[in-house]
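Descriptive analysis of the structure
Each chain, letter by letter, is given below.
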Amino acid sequence: MEKTHKIIIDNDAGGDDAMAIFLALLYEKHYNGPKLIALTTGNGNTDEDKVFINNQRILKVAKRQDVPIYRGSKSSLVKTPKVGFYYGHDGLGDIGEELTDLVPAQTENAVNALVKLSEIHKDELSVITIGTLTNVALAMKLDPGFIDRIGHLYIGAGFIRDEENNEAEFNAHMDVEAYQVVVQNAKPDKVTFVPFSQVKKHLNLSREWRETVLGAIDTDIIRHQNLYEQVSLKVSDRWQALDPAVVAAVVKQDLVDEYKYSKHGIILCGDKRGFNTNTFVSKNDANARIIYSLREEEYKQFLLDVFNADRSKLDTSTKCVDC
Ligand SMILES: *[C@@H]1O[C@H](CO)[C@@H](O)[C@H](O)[C@H]1NC(C)=O
């Protein structure tokens, strides 16, 4: 197993990215989890300008403005589809939140930062991509040694196609050529995909659980997170969120029930543009590892434990002030 002492979350925040980042930060703080050393941004759930502001907001709410933000791609390599707006126009629920004293971005761009940080933290860094794949594709192109220097690249994107998921998955569709660059440069011991189809199938949680159990945790972070998802939660009575599942599977690997090796690809042309191709093969013939299934009960407990850990801390500090 690779050493995962440090992580970067490459994201298009996005309400589900927000939860993923909060999860990583709380796991780092309360469970001695991997250190989040940077956030990198791209377009996706909303325009990169807003994604950047959302990264600032998330870090401010988490009281972790020490984490540097490196701004990345504003459009896709070749064709830029319209951004998502699944989480509202601003990507975080359109709640009109205006936070002050936000920390500016680093001057270096996301792609250079990915390359440089992979040098500084050689073999110790996992990169987690939960948005469009443009930044990671550019890092691979700019520096062919990038993939060998990082511990692992985890990618929340794509589908294992079946009757229910016979289309392009959102993150894959947002930059199909970037996805192609990534699968061309992937290696099974360096690259793991977490296809959204598998999360929908194996972490098929109800909106009711999200709202009344997870959402009832009385912390500042969960209160914000509930608002960030207020647009998206109305859409379905299921709560199937890819991004927090990806971070969870990285920081707590026993949440993964089954990995498979795959010849993993994507269709560039025609009416199936953005559709994944996928053949399960032995590791020797594979270009990537796939997270095929996850443990639902353990995942729910994990979310409750991590988000509640923050509350216990708060309770203790309140008690101390009282006495
Ligand atoms: C998720 O659960 C709902 C309700 O039990 C079910 O109707 C739906 O088919 C499930 N979806 C998947 C992808 O398993």
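Throughout what follows, the structure given in this document is the object of discussion. (Residues numbered from 1 in each chain as written. Predicted model: local features only at pLDDT ≥ 70, side-chain atom pairs only at ≥ 80, totals over all residues. Heavy atoms only, no water.)

**Thoughts on the overall build of the protein**
To keep it simple, the criterion reads: For the purposes of this entry, the term helix denotes a DSSP run of H or I that reaches at least four residues, the term strand denotes a run of E that reaches at least two, and both are numbered from the N terminus. When we talk radius of gyration, it's over C-alpha atoms, and the globule rule is simply 2.2 Å times the number of residues to the 0.38. Relative accessibility decides the category of a residue: with a 1.4 Å probe and only protein chains considered, values under 20% of the type maximum give buried, values over 50% give exposed, and everything between is partly exposed. Should any heavy atoms of two residues lie within 4.5 Å, those residues are considered in contact. Note that accessible areas follow from Shrake-Rupley with a 1.4 Å probe, and for residues the cover is restricted to the protein chains shown. Within this scheme the basic residues Lys and Arg register as positive and the acidic residues Asp and Glu register as negative, but His and the chain ends are omitted. Throughout, a charge is located at the NZ atom of Lys, the CZ atom of Arg, the CG atom of Asp or the CD atom of Glu.
Across its full length, the protein carries 12 helices and 11 strands. Taking 2.2 N^0.38 as the reference for a compact globule, 323 residues should give roughly 20 Å; the C-alpha atoms of the protein span a radius of gyration of 18 Å, in line with that estimate. Principal-axis analysis of the C-alpha atoms gives the protein an extent of 65 × 45 × 40 Å. A buried classification covers 57% of the 323 residues belonging to the protein. Residue pairs at least 24 apart in sequence account for 83% of intrachain contacts in the protein once pairs closer than 6 positions are excluded. Carbon and sulfur atoms make up 49% of the accessible area of the protein, which totals about 13400 Å². Charge-centre separation for the protein: the mean point of 39 positive side chains lies 3 Å from the mean point of 48 negative side chains.

**A look at the packing of aromatic side chains**
What counts is decided by this rule: Pairing of aromatic rings covers Phe, Tyr and the six-membered ring of Trp, with a centre-to-centre limit of 6.5 Å; geometry is then stacked below 30 degrees between planes, edge-to-face above 60, and tilted otherwise.
Tallying each qualifying case throughout the model produces seven aromatic pairs. Plain terms: the ring middles of Phe159 and Phe196 are 6.4 Å apart, the flat faces sit at 10° to each other, and that makes the pair stacked. You can see Phe159 sitting in the loop between β5 (152–156) and α6 (170–174) and its partner Phe196 sitting in helix α8 (residues 196–202), a full 37 residues away along the chain. The two residues Phe159 and Phe196 agree in class, both being buried.

**Regarding helix α11 (residues 242–251)**
Counting buried residues in α11 gives 10 out of 10 residues, a clear majority hidden from the surface. Looking at α11, one finds that the buried residues are Leu242, Asp243, Pro244, Ala245, Val246, Val247, Ala248, Ala249, Val250 and Val251.

**A short note on the sheet that holds strand β6 (residues 191–194)**
To be explicit about the condition: Should DSSP find at least two bridges between two strands, the strands are regarded as paired. Angular values range over 0 to 180 degrees, each being the angle between N-to-C directions of two axes fitted as lines to C-alpha atoms, with helices fitted over their stretch in contact.
Pairing within the open sheet is mixed, and its nine strands lie in the order β3-β2-β1-β4-β5-β6-β11-β9-β10. Edge positions in the sheet fall to β3 (69–70) and β10 (276–280), since each has one partner strand and no second. Of the pairings in the sheet, the one linking strand β2 (residues 35–41) to β3 comprises two bridges and is parallel in character. From the neighbouring strand, Thr40 faces β3, where its bridge partner is Tyr70. Against the sheet, α11 contacts β1 (6–11), β4 (125–129), β5, β6, β9 (256–266) and β11 (288–294), and its axis sits at roughly 155° relative to β5.

**Some thoughts on the pattern of salt bridges**
Where we set the bar: Salt bridges are defined by distance alone: a side-chain nitrogen of Lys or Arg within 4 Å of a carboxyl oxygen of Asp or Glu.
Scanning all chains against the criterion turns up 22 salt bridges. In this structure, Asp257 and Arg295 form a salt bridge, with 3.1 Å as the shortest nitrogen-oxygen distance. Note that Asp257 is positioned in strand β9 and Arg295 in the loop between β11 and α12 (296–322), a separation of 38 residues in sequence. Of the residues examined, Asp257 reaches a relative accessible area of 43% and is grouped as partly exposed. A residue is classified by how much of its surface remains accessible, and Arg295, at 31% relative accessible area, is partly exposed. When the shortest N-O distance is used, the salt bridge between Glu297 and Lys300 registers 3.8 Å.

**Observations regarding helix α2 (residues 48–61)**
Formally: Expected span, for any helix, means 1.5 Å times one less than how many residues it has.
The end-to-end C-alpha distance of α2, which contains 14 residues, comes to 20 Å, matching closely the 20 Å that a straight helix rising 1.5 Å per residue would cover. Counting buried residues in α2 gives 10 out of 14 residues, a clear majority hidden from the surface. Buried-residue contacts for α2 involve β1, α1 (15–31), β2, β3 and α10 (220–228).

**Concerning the packing of helix α3 (residues 110–120) against helix α4 (residues 134–142)**
Worth spelling out the cut-off: Roughly parallel means an angle under 35 degrees; roughly antiparallel, over 145; roughly perpendicular, 65 to 115; everything else is oblique. Whether a crossing is left-handed or right-handed is set by the direction in which the near helix is turned from the far one by less than a right angle, anticlockwise for left-handed and clockwise for right-handed. Put simply, Ala, Val, Leu, Ile, Met, Phe, Trp, Tyr, Cys and Pro go in the nonpolar bin, Asp, Glu, Lys and Arg in the charged bin, and everything else, Gly too, in the polar bin.
Remark: α3 packs on α4, axes separated minimally by 9 Å, with the N-to-C direction vectors making an angle of 60°. Between α3 and α4, the angle falls in the class oblique. As α3 runs across α4, the sense of the crossing is right-handed. Contact residues: Ala110, Val111, Asn112, Leu114 and Val115 in α3; Asn135, Val136, Leu138, Ala139 and Leu142 in α4. Taken together, the residues of the contact of α3 with α4 break down into eight nonpolar, two polar and no charged.

**Details of the site of the ligand**
Defined as follows: Here a residue is near a molecule or strand as soon as one of its heavy atoms is found within 4 Å of it. Between N or O atoms, a polar contact is any pair within 3.5 Å; within protein, one atom must be a potential hydrogen donor and the other a potential acceptor, and residues adjacent in sequence are included only when both atoms are from side chains.
The local shell around the ligand consists of Glu164, Lys200, Asn204 and Arg238. A distance of 2.3 Å is found between an oxygen atom of the ligand and a side-chain nitrogen or oxygen belonging to Asn204. In the environment of the ligand, an oxygen atom lies 3.4 Å from a nitrogen or oxygen atom belonging to the side chain of Arg238. Notes on the ligand: free accessible area 360 Å², of which the protein chains cover 47%. Here the residues of the shell around the ligand are counted per class, giving no nonpolar, one polar and three charged.

**Quick notes on the environment of Asn278**
Turning to its location among the elements, Asn278 is positioned in strand β10. Along the primary structure Asn278 and Phe159 are separated by 119 residues, whereas in three dimensions their C-alpha atoms are 9.0 Å apart. The contacts of Asn278, once residues within four sequence positions are left out, are Ile160, Ser262, Lys263, His264 and Ile290. A polar atom in the side chain of Asn278 sits 2.8 Å from the side chain of His264.

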